[in-house]
Amino acid sequence: MDNVRIEASWKERLLPEFEKPYFSSLRSAIRKAYVEGKVFPPPDRIFYAFDLCPFDKVKVVILGQDPYHGTGQANGLCFAVNEGVKLPPSLQNIFKEIEHDLGREVTKAGNLERWAKQGVLLLNATLTVSAHQAGSHQGKGWEVFTDAVVRTLSAQREGIVFMLWGNYAKEKGKGIDWGRHLVLEAAHPSPFSAYSGFFGCKHFSQANEYLKKKGKGEIEW
């Protein structure tokens, strides 16, 4: 993580964060974790969500919590998994809601790169995790960094759709200016809560309707 390798437009806007003491501590802690054990995603995928979706191209932000901690799952995009990996339950439920919402079948490839390349920032609050230890890199500074990402997008862009699923994402979205952006809230797509407000939320059609009104291209979910 020396000289943070991240897409140029993001690096320009997030440079103040990289120069803060908390980020120096975070970088040291994460570098140590990669040296001493197995950490996901691979180092070159830590900032993959940013690399696929430059700052000025962001149309939609989906907020997740942690990368998957199973071998071969995490690819740097929230809710996504590497190609060929079994779809996790939350992602299965996301696809179910999209199909119900849009009334048609959609591609169910789990890596979600096709969304990111269209302008969907798939942002986890914590960007790394130790193997088989859920939440193991929380509280190290990633949340401060990703809060800054949300704040910067909210302040410097207009007309972005933010999808906040579950209480954690809703809390993280408190820095969003609702007057400048569309904020959609629902339950988390996990099997434990999907039937309590995620299914039927129609976020995907609402997002496209909003983007269309703003003169932006709709997302091919």
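For clarity, every value in this text was computed on a predicted model and none was experimentally measured.

Reading the values: the criteria
Residues numbered from 1 in each chain as written. Predicted model: local features only at pLDDT ≥ 70, side-chain atom pairs only at ≥ 80, totals over all residues. Heavy atoms only, no water. Helix = DSSP H or I, 4+ residues; strand = E, 2+ residues; numbered from the N terminus. Expected span 1.5 Å × (residues − 1). Buried < 20%, exposed > 50% of the residue type's maximum accessible area, 1.4 Å probe, protein only. Contact = heavy atoms within 4.5 Å. Axes fitted to C-alpha atoms, helices over the stretch in contact; angles between N-to-C directions. Parallel < 35°, antiparallel > 145°, perpendicular 65-115°, else oblique. Left-handed = near helix turned anticlockwise from the far one by under 90°. Nonpolar A, V, L, I, M, F, W, Y, C, P; charged D, E, K, R; others polar. Pairing = 2+ DSSP bridges. Disulfide = S-S within 2.5 Å.

## A few points about helix H4 (residues 89-102)
With 14 residues, H4 should reach 20 Å at 1.5 Å per residue; the first-to-last C-alpha distance of 20 Å fits that figure. Among the residues of H4, those classed as buried are Ser 90, Leu 91, Asn 93, Ile 94, Phe 95, Glu 97, Ile 98, Glu 99 and Asp 101. Among the structural elements, helix H5 (113-116), strand S5 (161-165) and helix H8 (203-213) are those in contact with the buried residues of H4. Downstream of H4 by a residue or two, Gly 103 has a phi angle that is positive, lying close to 70 degrees.

## Some details on the packing of helix H2 (residues 21-36) against helix H6 (residues 142-156)
Between H2 and H6, the shortest axis-to-axis distance is 9 Å and the interhelical angle comes to 125 degrees. Between H2 and H6, the angle falls in the class oblique. Between H2 and H6 lies a crossing whose hand is left-handed. Facing H2, whose interface residues are Tyr 22, Phe 23, Leu 26 and Ile 30, H6 presents Trp 142, Val 144 and Phe 145. Its residues placed into classes, the contact of H2 with H6 shows seven nonpolar, no polar and no charged.

## What to know about the sheet that holds strand S2 (residues 60-64)
In spatial order, the strands read S3-S2-S5-S6; together these four strands make up an open sheet with parallel pairing. A single partner strand is all that each edge strand has here, and the edge strands are strand S3 (120-124) and strand S6 (182-186). Mean inter-strand twist for the sheet, computed between neighbouring axes without regard to direction, equals 20 degrees. As judged from the five bridges shared by S2 and S3, these two strands associate in the parallel manner. Bridging from a neighbouring strand, Gly 64 pairs with Asn 124 of S3. In this fold H8 packs onto S2, S5 and S6, with an angle of close to 165 degrees to the strand it touches most, S5.

## So, the pairing of S3
Of all five residues that make up S3, five are buried, and the element is covered over most of its length. Side-chain alternation along S3 places Val 120, Leu 122 and Asn 124 on one buried face and Leu 121 and Leu 123 on a second face that is also buried.

## Points about unusual backbone geometry
Across the junction of Phe 40 and Pro 41, the peptide omega takes the value -10 degrees, indicating a cis bond. Examined against the element boundaries, Pro 41 turns out to sit in the loop between strand S1 (39-40) and helix H3 (48-52). Of note, Leu 112 is a non-glycine position whose phi angle comes to about 60 degrees, a positive value. The backbone phi angle of Lys 202 is positive, close to 55 degrees, even though this residue is not glycine. Along the polypeptide, Lys 202 turns up in the loop between S6 and H8.

## Observations regarding the packing of helix H1 (residues 8-18) against H6
Relative orientation of the contacting elements H1 and H6 amounts to 130 degrees, with a least axis distance of 11 Å. Overall, the two elements H1 and H6 adopt an arrangement that is oblique. As H1 packs across H6, the resulting crossing turns out to be right-handed. Where H1 abuts H6, its residues Trp 10, Arg 13, Leu 14, Glu 17 and Phe 18 lie against Phe 145, Ala 148, Val 149, Arg 151, Thr 152, Leu 153 and Gln 156. Of the residues assigned to the contact of H1 with H6, the class counts are seven nonpolar, two polar and three charged.

## Regarding the state of the cysteines
Tallying each qualifying case throughout the model produces zero disulfides. In this structure Cys 201 is a free cysteine whose sulfur lies 14 Å from that of Cys 78, the closest cysteine sulfur available.

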